Amino acid sequence: MIPYGRQDVLQADIDAVEKVLRSDYLTQGPVVPIFEKLVSEKVGSSYAVAVNSATSALHIACLSLGLGSNDWLWTTPISFVASANCALYCGAKIDFVDIDPDTFNMSVLHLKEKLERASKDGCLPKVVVAVHFAGQSCDMRSIKELSDVYGFKIIEDASHAVGGSYSDKLIGGCEHSDITIFSFHPVKIITSAEGGMALTNNHELYQQMSLFRSHGITRDPKQMLDRSQGPWYYEQLVLGYNYRMTDIHAALGISQLSRLDDYVAKRNQIAKSYGALLNEFPVRVQRNIDLAHSAWHIFVVRLELEKIKRPKLTIFEDLLSHGIGVNVHYIPIHMQPYYRQLGFKVGQFPNAERYYSEAITLPIFPTMTVQNLETVIGSLREALGL
Ligand SMILES: *Cc1c(COP(=O)(O)O)cnc(C)c1O
């Protein structure tokens, strides 16, 4: 089976992990702060908070922005459920903005219209989560302009986009946002097994997220409400969680980070080959906006079903039976039973639903060979009946 994505773990990664296992600290040692420093230096953010997943990072990001029970969070329906669940963890209300059918990202046009309506109705969002789908940045300049008018905070969910850039700057520098989230799950660009990070340039948000990561506890006398009672003393200031990353995971992350540029270059090469090879196929690929350089976490094609005359399910099953580990990213979040139970209806976000009816994710990963690529293209040709 050629998987849709696959991590690349080398001896150097294993050695780095082993070194931590033989050291004094497995967690809360020196390695996590080094990982944070290396990532924030790389992407140009002032601060970084490493956590045990991007899902946790989204949660503490929302908490630090003060998202609560009377607030709205908006995101795209074409994302992993975590991009929306973070609102519900905070007791906030969730809504979606339909996608642009060409970039597959949140449509700025739809966002603008929805904000105009919400402004009249007095239900503007407190937070907008912009998901950089497949590794391509959203139109962040336009989203930032809208936030300046309507006053919402911006979280970039860059789980797909570690190593991608926007206007010649690596994603994560938060030039157009309050907080950026990375995921280091093995299917993503680099991995720490499980792991995530929240990046920001705002010191207060950094302090808040650090508190929420670890039980709401501080050992910093400057943050304490009472005077320190001795060297053992700590204070719990808010209701936090245990969302910490271990030093073992951070060591893997650091080792992988040194190969980030190579991975993104290789993914771009594969995406470019796909683009050329699929040129004559009855499929649409993601349109790339001028300012964005994608990290290419996934490679999605939209089947032009009116030309193909075979159902998506048959094509998908054909590809699977040929050993092509295709997938679908994503089932629109509002169509999940849990979200329908909250009141969302099929038909509410037609661009996202149409996208879902056509989308198939083809394999892309840095160790993918030219032969793998040819196998995928050959099998797709057959599955489409060409
Ligand atoms: C993978 C992913 C997440 C969650 O990442 P974890 O590290 O597995 O928690 C969140 N948002 C998006 C868009 C993702 O793809």
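Here's what I pulled together on the structure shown here. Given the structure is predicted, the values throughout are model-derived calculations rather than measurements. (Residues numbered from 1 in each chain as written. Predicted model: local features only at pLDDT ≥ 70, side-chain atom pairs only at ≥ 80, totals over all residues. Heavy atoms only, no water.)

A short note on the overall build of the protein chain
Alright, step 1. The number of helices and strands found in the protein chain is 14 helices and 15 strands.
Alright, step 2. Computed over its C-alpha atoms, the radius of gyration of the protein chain comes to 21 Å, within 12% of the 21 Å expected for a compact globule of 386 residues.
Alright, step 3. Taken over the C-alpha atoms alone, the protein chain extends approximately 75 × 60 × 40 Å along its principal axes.
Alright, step 4. Taking all 386 residues of the protein chain together, 55% fall into the buried category. (Helix = DSSP H or I, 4+ residues; strand = E, 2+ residues; numbered from the N terminus. Rg over C-alpha atoms; globule rule 2.2 N^0.38 Å. Buried < 20%, exposed > 50% of the residue type's maximum accessible area, 1.4 Å probe, protein only.)

Some words on the nonpolar core
Alright, step 1. The biggest cluster of nonpolar side chains holds 47 residues, and the ones touching the most others in it are Leu73, Phe133, Ile155 and Ile181.
Alright, step 2. Elements with a minimum of two residues in this core: strand 1 (47-51), helix 3 (54-64), helix 4 (82-89), strand 3 (93-96), strand 4 (127-131), strand 8 (179-183), helix 7 (203-213) and helix 13 (350-358).
Alright, step 3. Counting residues per element, this core draws most heavily on helix 3, which supplies seven residues.
Alright, step 4. Look past the residues within four positions of isoleucine 155 in its chain and what remains in contact with it is Leu58, Ala61, Cys62, Leu65, Val127, Val128, Val129, Ala130, Ile179 and Ile181.
Alright, step 5. Formed by 45 residues, the second largest nonpolar core is a distinct cluster that contains Phe184, Ala250, Tyr263 and Val264. (Core = buried A, V, L, I, M, F, W, Y, C linked by side-chain atoms within 4.5 Å. Contact = heavy atoms within 4.5 Å.)

Digging into the site of the ligand
Alright, step 1. Lining the immediate surroundings of the ligand are 15 residues, of which Thr55, Asp157, His160, Ser183 and Lys188 lie closest.
Alright, step 2. Within the contact set of the ligand, a nitrogen atom lies 2.8 Å away from a side-chain nitrogen or oxygen of aspartate 157.
Alright, step 3. The separation between a nitrogen atom of the ligand and a polar side-chain atom of serine 159 is 3.4 Å.
Alright, step 4. Coverage of the ligand by the protein chains reaches 93% of its 380 Å² of free accessible surface.
Alright, step 5. Every element with two or more residues in the shell around the ligand is listed here: helix 3 and helix 4. (Near = heavy atom within 4 Å. Polar contact = N/O pair within 3.5 Å; in protein donor to acceptor, adjacent residues only side chain to side chain. Areas by Shrake-Rupley, 256 points an atom, 1.4 Å probe, with all protein chains shown as cover.)

A short note on the sheet that holds strand 13 (residues 292-293)
Alright, step 1. With respect to topology, three strands assemble into an open sheet ordered 7-6-13, the strand pairing being antiparallel. Strand pairing shows two members of the sheet lacking a second neighbour, strand 7 (169-170) and strand 13, which therefore form its edges. (Pairing = 2+ DSSP bridges.)

Brief notes about the pairing of strand 3
Alright, step 1. The pairing of strand 2 (residues 72-75) with strand 3 spans four bridges and is parallel. Directly across from threonine 75, in strand 3, lies its bridge partner phenylalanine 96.
Alright, step 2. Each parallel crossover has a hand, and for strand 2 linked through helix 4 to strand 3 it is right-handed. (Right-handed = clockwise from strand over helix to strand, strands pointing away.)

Things to note about the side chain of lysine 114
Alright, step 1. Locating lysine 114 in the fold gives a position in helix 5 (residues 108-121).
Alright, step 2. Excluding residues that lie within four positions of it along the chain, lysine 114 makes contacts with Trp74, Asp95, Phe96, Val97 and Phe349.

Describing the packing of helix 11 (residues 312-321) against helix 14 (residues 370-383)
Alright, step 1. Put simply, helix 11 and helix 14 touch, their axes get as near as 9 Å, and they point 140 degrees apart. When the axis of helix 11 is compared with that of helix 14, the two are oblique. Two packed elements cross with a definite hand, and for helix 11 against helix 14 that hand is right-handed. Within the contact between the two elements, helix 11 uses Ile315, Asp318 and Leu319 and helix 14 uses Ser379, Leu380 and Ala383.
Alright, step 2. Across the contact of helix 11 with helix 14, the residue classes tally to four nonpolar, one polar and one charged. (Axes fitted to C-alpha atoms, helices over the stretch in contact; angles between N-to-C directions. Parallel < 35°, antiparallel > 145°, perpendicular 65-115°, else oblique. Left-handed = near helix turned anticlockwise from the far one by under 90°. Nonpolar A, V, L, I, M, F, W, Y, C, P; charged D, E, K, R; others polar.)

Quick look at the sheet that holds strand 14 (residues 299-303)
Alright, step 1. Taking strand neighbours across the sheet as the criterion, the three strands line up as 12-14-15 in an open arrangement whose pairing is antiparallel. The outermost strands of the open sheet, each flanked by one partner alone, are strand 12 (283-285) and strand 15 (359-362). Pairwise comparison of adjacent strand axes, ignoring direction, gives a mean angle of 35 degrees for this sheet.
Alright, step 2. Pairing of strand 14 with strand 15, which is carried by four bridges, proceeds in the antiparallel orientation. Bridging from a neighbouring strand, valine 300 pairs with threonine 361 of strand 15.
Alright, step 3. This element, helix 11, spans strand 14 and strand 15 of the sheet and lies at about 15 degrees to strand 15.

Structural notes on the side chain of threonine 218
Alright, step 1. As for its position among the elements, threonine 218 is in strand 10 (residues 217-218).
Alright, step 2. A polar atom in the side chain of threonine 218 sits 3.0 Å from the backbone nitrogen of aspartate 220.
Alright, step 3. Sequence-distant contacts of threonine 218, that is, excluding residues within four places in its chain, are made with Leu211, Gln223, Met224, Tyr234, Glu235 and Leu237.

Considering the packing of aromatic side chains
Alright, step 1. Following the criterion strictly, the structure yields 16 aromatic pairs and no others.
Alright, step 2. Seen in terms of ring centroids, tyrosine 47 and tyrosine 206 are 4.7 Å apart; in terms of plane orientation they differ by 15 degrees. Their pairing is stacked. Remark: tyrosine 206 occurs in helix 7 and tyrosine 47 occurs in strand 1; sequence separation between them is 159 residues.
Alright, step 3. Of the residues examined, tyrosine 47 reaches a relative accessible area of 23% and is grouped as partly exposed.
Alright, step 4. Centroid distance phenylalanine 133 to tyrosine 330: 6.2 Å. Interplanar angle 80 degrees. Geometry classified as edge-to-face. Remark: tyrosine 330 occurs in the loop between helix 11 and helix 12 (337-341) and phenylalanine 133 occurs in the loop between strand 4 and helix 6 (140-150); sequence separation between them is 197 residues.
Alright, step 5. The class of tyrosine 330 is buried, set by a relative accessible area of 11%.
Alright, step 6. Of note, lysine 312 hangs over the ring of tyrosine 356, and the distance from its end group to the ring centre comes to 5.0 Å. (Phe/Tyr/Trp six-rings, centres within 6.5 Å; stacked < 30°, edge-to-face > 60°. Lys NZ or Arg CZ within 6 Å of the ring centre and 35° of its normal.)

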